[in-house]
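Here is what each chain is made of, one letter per residue.
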Amino acid sequence: MRAPKIPKPTVRRLAIYYRCLNKLKENGIEKTSSKEMADLLGIKASQVRKDLSYFGEFGKRGVGYNVDKLSFKLKEILGLKKNWNVAIVGAGNLGYAIANYSGLEKNGFKVVTAFDNDEKKIGNMIVPGVKIERIQDIEKIIKTYNVEIAVLSVPVNAAQEVVDILLEAGIKGILNFTPTSLSVPENISVEDVDFVISLKSLTFEIASAENEL
Ligand SMILES: NC(=O)c1ccc[n+]([C@@H]2O[C@H](COP(=O)([O-])OP(=O)(O)OC[C@H]3O[C@@H](n4cnc5c(N)ncnc54)[C@H](O)[C@@H]3O)[C@@H](O)[C@H]2O)c1
C-alpha cells in the first residue's frame with residue numbers, strides 16, 4: 001500500500017529540513033527545535049511542526065528534537081537509506097552538467113549510465129567510466145545497472161516519445177528538465193525542474209514590490 005498523499009511542498013521542505021539537520025550535525029549540535037530550524041530556514045516554526053506531524057510525533061514539547069534521530073527518520077522517510085542509480089537521458093549540455101555535479105554522489109545518487117540518439121556521442125564518456133549508450137539499448141542496460149531514476153534532458157519535442165521508451169524499460173521516477181508536462185501512469189513519479197519558471201516567480205516578486213512603491 002502507498003503512503004498517504006503528502007503535499008509536494010511538504011516533501012520538498014522535508015528534504016530541506018534533512019539538509020539543515022545534517023548541517024547542525026556537522027556543527028556538533030545535538031538538540032534543536034522547530035523554532036531554531038524555522039529561523040535558520042526563514043520560515044515559521046508552525047510550518048516545521050505541521051510538516052513533521054504528517055509522520056507522527058518526533059520531539060518532546062519544551063525539549064525539542066534530537067538532531068541525530070530526526071535526521072535518521074527523515075532519511076528513512078525520504079527513501080535515502082539506500083543509494084539510487086540514475087540514468088541521464090539526453091547527453092547534451094544539460095545532461096553533461098548534471099552528470100558531472102559532485103553533489104549527486106554525496107547525496108546518494110550515482111549516474112551509472114547515459115543515453116542519446118546521436119551516433120557521434122555513442123561510446124563517449126559522460127563522466128569518467130560511464131559511457132553514453134544508444135537509446136535503443138535502454139531496456140537491457142537499465143535492468144543490468146538496476147536504474148530506477150532517469151534525468152530527462154532531451155529537446156522538448158522528443159520528451160514524450162522518450163518518456164514512453166523509459167516507461168517501457170521500467171523506469172520508476174523521472175526528473176524532468178524539459179519545459180513540458182509529461183503524460184505518465186499514476187504509479188510513476190515525475191518531478192519537474194525548470195529554472196525559467198523560478199526566474200518568472202522572481203520577476204513576479206520584483207515587479208510586485210516595484211508596483212507597491
Ligand atoms: N529545466 C531547466 O531549468 C532547463 C535548463 C536548460 C535546458 N533545459 C531543457 O533541457 C533539455 C536539454 O537542453 P540542452 O541544452 O542540454 O540541449 P542539447 O541539445 O545540448 O542536448 C539534448 C541531447 O538530447 C539528445 N537527443 C535528442 N533527441 C533524442 C532522443 N529522441 N533520444 C535520446 N536523446 C536525444 C541530443 O542528441 C542531445 O545530445 C531541453 O529540453 C531544454 O529545454 C531545461
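Residues numbered from 1 in each chain as written. Predicted model: local features only at pLDDT ≥ 70, side-chain atom pairs only at ≥ 80, totals over all residues. Heavy atoms only, no water.

**Quick look at the domain arrangement of the protein chain**
Basically, it comes down to this: Marked domain ranges trace back to an automatic or database domain assignment.
When cut into domains, the protein chain gives domain 1 (8-76) and domain 2 (84-196). Each of domain 1 and domain 2 has a C-alpha centre, and the two are 31 Å apart.

**Focus: the site of the ligand**
Quick reminder of the rule: Only heavy atoms are used to decide nearness, and a residue is near a molecule or strand if one of them lies within 4 Å of it. Polar contact criterion, stated in full: a pair of N or O atoms within 3.5 Å, where within protein one must be able to donate a hydrogen and the other to accept it, and residues adjacent in sequence count only if both atoms are side-chain atoms. The Shrake-Rupley method, run with a 1.4 Å probe sphere, supplies the accessible areas, and residue values consider only the shown protein chains as cover. What counts as a helix is a DSSP run of H or I of at least four residues, what counts as a strand is a run of E of at least two, and both are numbered from the N terminus. Residues are sorted three ways: Asp, Glu, Lys and Arg are charged, Ala, Val, Leu, Ile, Met, Phe, Trp, Tyr, Cys and Pro are nonpolar, and all the rest, Gly among them, are polar.
Around the ligand, 22 residues are found, and the nearest of them are Leu 94, Asp 116, Lys 121, Val 154 and Val 193. Between the ligand and Lys 121 there is a distance of 2.6 Å, counted from an oxygen atom to a side-chain nitrogen or oxygen. In this structure, Val 193 approaches the ligand through a main-chain N or O atom, which is 2.6 Å from a nitrogen atom. Relative to its unbound accessible area of 860 Å², the ligand is 76% covered by the protein chains. Contributions of two or more residues to the shell around the ligand are made by helix 5 (93-99) and helix 8 (159-169). In the shell around the ligand, the residues fall into eleven nonpolar, six polar and five charged.

**Digging into the UniProt feature "domain: CoA-binding" (unreviewed entry) in the protein chain**
As a reminder of what qualifies: UniProt positions are given in the numbering used here, feature names are shortened, and annotations may be inferred rather than shown by experiment.
Under the UniProt annotation, "domain: CoA-binding" (unreviewed entry) lies at residues 79-181. End-to-end, the C-alpha atoms of residues 79-181 are 25 Å apart, and along that stretch the chain is 28% helix and 29% strand.

**Let's talk about unusual backbone geometry**
Within the chain, Asn 146 stands out as a residue other than glycine whose phi angle is a positive 55 degrees. Note on placement: Asn 146 falls in the loop between helix 7 (138-144) and strand 7 (149-152).

**Side note on the UniProt feature "binding site: NAD(+)" (unreviewed entry) in the protein chain**
Selection rule: Any residue under 20% of the maximum accessible area for its type is buried, any over 50% is exposed, and the rest in between are partly exposed; the area is computed with a 1.4 Å probe on protein chains only. Should any heavy atoms of two residues lie within 4.5 Å, those residues are considered in contact.
UniProt records the feature "binding site: NAD(+)" (unreviewed entry) for Gly 90, Ala 91, Gly 92, Asn 93, Leu 94 and Gly 95 in the present numbering. One can find Asn 93 in helix 5. For Asn 93, a relative accessible area of 74% gives the class exposed. Among the structural elements, Leu 94 can be located in helix 5. Owing to a relative accessible area of 38%, Leu 94 belongs among the partly exposed residues under this scheme. Residues in contact with Leu 94, not counting those within four places in the same chain, are Ser 153 and Phe 177.

**Overview of helix 1 (residues 8-26)**
Each α-helix turn comprises 3.6 residues. Residues three or four places apart therefore point the same way. Put simply, the rule reads: Expected helix span is taken as 1.5 Å per residue step, with the number of steps being one fewer than the number of residues.
The terminal C-alpha atoms of helix 1, which comprises 19 residues, lie 27 Å apart, in line with the 27 Å expected from a rise of 1.5 Å per residue. Within helix 1, burial applies to Thr 10, Arg 13, Leu 14, Tyr 17, Tyr 18, Cys 20, Leu 21 and Leu 24. Next to the buried residues of helix 1 lie strand 1 (31-32), helix 2 (34-41), helix 3 (45-53) and helix 4 (67-77). Of the residues one or two after helix 1, Gly 28 is the one with positive phi, at around 75 degrees.

**Quick look at a nonpolar patch on the surface**
As a reminder, the rule being used: The patches described consist of residues with a relative accessible area above 30% and no salt bridge, like charges being joined within 9 Å and nonpolar side chains (Val, Leu, Ile, Met, Phe, Trp, Tyr) within 5 Å. Put simply, a salt bridge is a Lys or Arg side-chain nitrogen that is within 4 Å of an Asp or Glu carboxyl oxygen.
Residues Phe 195, Val 196, Leu 199, Leu 202 and Ile 206 make up a contiguous nonpolar surface patch of about 500 Å² in total accessible area. One can find Leu 202 in helix 9 (residues 195-212). When its relative accessible area of 48% is taken as the criterion, Leu 202 is described as partly exposed.

**Here we look at the packing of aromatic side chains**
Operational definition: Pairing of aromatic side chains requires ring centres within 6.5 Å, counting the rings of Phe and Tyr and the six-membered ring of Trp. Pairs whose planes differ by under 30 degrees are stacked, by over 60 edge-to-face, and all others tilted. Criterion for a charge above a ring: Arg CZ or Lys NZ at most 6 Å from the ring centre, at most 35 degrees from the ring normal.
Scanning the entire structure with this criterion turns up zero aromatic pairs. Just above the ring of Trp 84 sits the side chain of Lys 82; from NZ or CZ to the centre is 4.0 Å.

**Notes on the side chain of Asp 51**
Relative to the helices and strands, Asp 51 is located in helix 3. A distance of 3.2 Å separates a polar atom in the side chain of Asp 51 from a polar atom in the side chain of Thr 10. Not counting residues within four places of it along the chain, the set of residues in contact with Asp 51 comprises Thr 10, Arg 13, Leu 14 and Tyr 17.

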